[in-house]
Amino acid sequence: MKNHKLLAAMGALVIGLGVSSMASAATITGSTFTATGTIGVSGPSSYGATVNCNVTFNGSVDAGGASASITGVTVSGSSLCTQAQITGLPWTLTPTTSSDGGNTWAGTVSGVGFTITGAPPLIPASNCAGPTTINAQWINSSNNLSITSAQSLAGGCTIRSLSVTAPGISVN
């Protein structure tokens, strides 16, 4: 009798763990996307000051929806913005956990990096090529990818802000 109770308890535990792990798995829905917005970066080329640029990410949701690949990045704005050369593509966006039942998701973007050639000796070059993994946040209700705190990159560079909108993409 004890063996049957133990077996039943172990079975319930295994089923409970399976349901729990399925509930916590994040899935990105959508297909190809274009995300537009702004990014603020600092580094040697800006002498540590934040430079705000327009940014467009192009990419696609990977088969199965566990991640999305950012395959193209276009940066525009000031002369420093236009000198940015993106490295490490594709970058991989991976949602991990929701803090509020499914609207706000924490995650990472891996492979992030860029360089700025500068104009020595007046404007030093920045080598922020990484690749670096940064922490990010996705909000379904606004289709917005952002960072909630500054993210350090290689070469003394920092992403100070990021806010891009990608209509048609959501995380479940």
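Residues numbered from 1 in each chain as written. Predicted model: local features only at pLDDT ≥ 70, side-chain atom pairs only at ≥ 80, totals over all residues. Heavy atoms only, no water.

1. Quick notes on the side chain of Ser 45
Here comes step 1: Residue placement: Ser 45 occurs in the loop between strand 2 (32-42) and strand 3 (51-61).
Here comes step 2: By relative accessible area, which is 4% here, Ser 45 ends up buried.
Here comes step 3: Side chain to side chain, Ser 45 and Ser 126 meet in a polar contact 2.7 Å long.
Here comes step 4: Each residue touching Ser 45, except ones within four places of it in the same chain, is listed here: Leu 80, Ile 116, Ile 123, Pro 124, Ala 125 and Ser 126. (Helix = DSSP H or I, 4+ residues; strand = E, 2+ residues; numbered from the N terminus. Buried < 20%, exposed > 50% of the residue type's maximum accessible area, 1.4 Å probe, protein only. Polar contact = N/O pair within 3.5 Å; in protein donor to acceptor, adjacent residues only side chain to side chain. Contact = heavy atoms within 4.5 Å.)

2. Some words on the packing of aromatic side chains
Here comes step 1: Applying the stated rule across the entire model yields one aromatic pair.
Here comes step 2: For the ring pair Phe 57 and Trp 91, a centre distance of 6.0 Å and an interplane angle of 75° mean the geometry is edge-to-face. On the criterion of sequence distance, the pair formed by Phe 57 in strand 3 and Trp 91 in strand 6 (residues 91-98) is long-range, its members being 34 residues apart. Trp 91 shares its class with Phe 57; the two are buried. (Phe/Tyr/Trp six-rings, centres within 6.5 Å; stacked < 30°, edge-to-face > 60°.)

3. A closer look at the pairing of strand 7 (residues 104-116)
Here comes step 1: Pairing between strand 5 (residues 84-87) and strand 7: four bridges, direction antiparallel. From the neighbouring strand, Ile 86 faces strand 7, where its bridge partner is Phe 114.
Here comes step 2: Relative to strand 7, strand 6 is paired through six bridges, and the arrangement is antiparallel. Looking at strand 7, one finds that Thr 97 is bridged to Ala 106.
Here comes step 3: The turn joining strand 6 and strand 7, which pair antiparallel and follow one another in sequence, is formed by five residues; a positive phi near 85° is taken by Gly 101.
Here comes step 4: In this structure, strand 7 lies alongside strand 8 (residues 126-139), joined through ten bridges in antiparallel fashion. By the bridge assignment, Phe 114 is partnered in strand 8 with Cys 128. (Pairing = 2+ DSSP bridges.)

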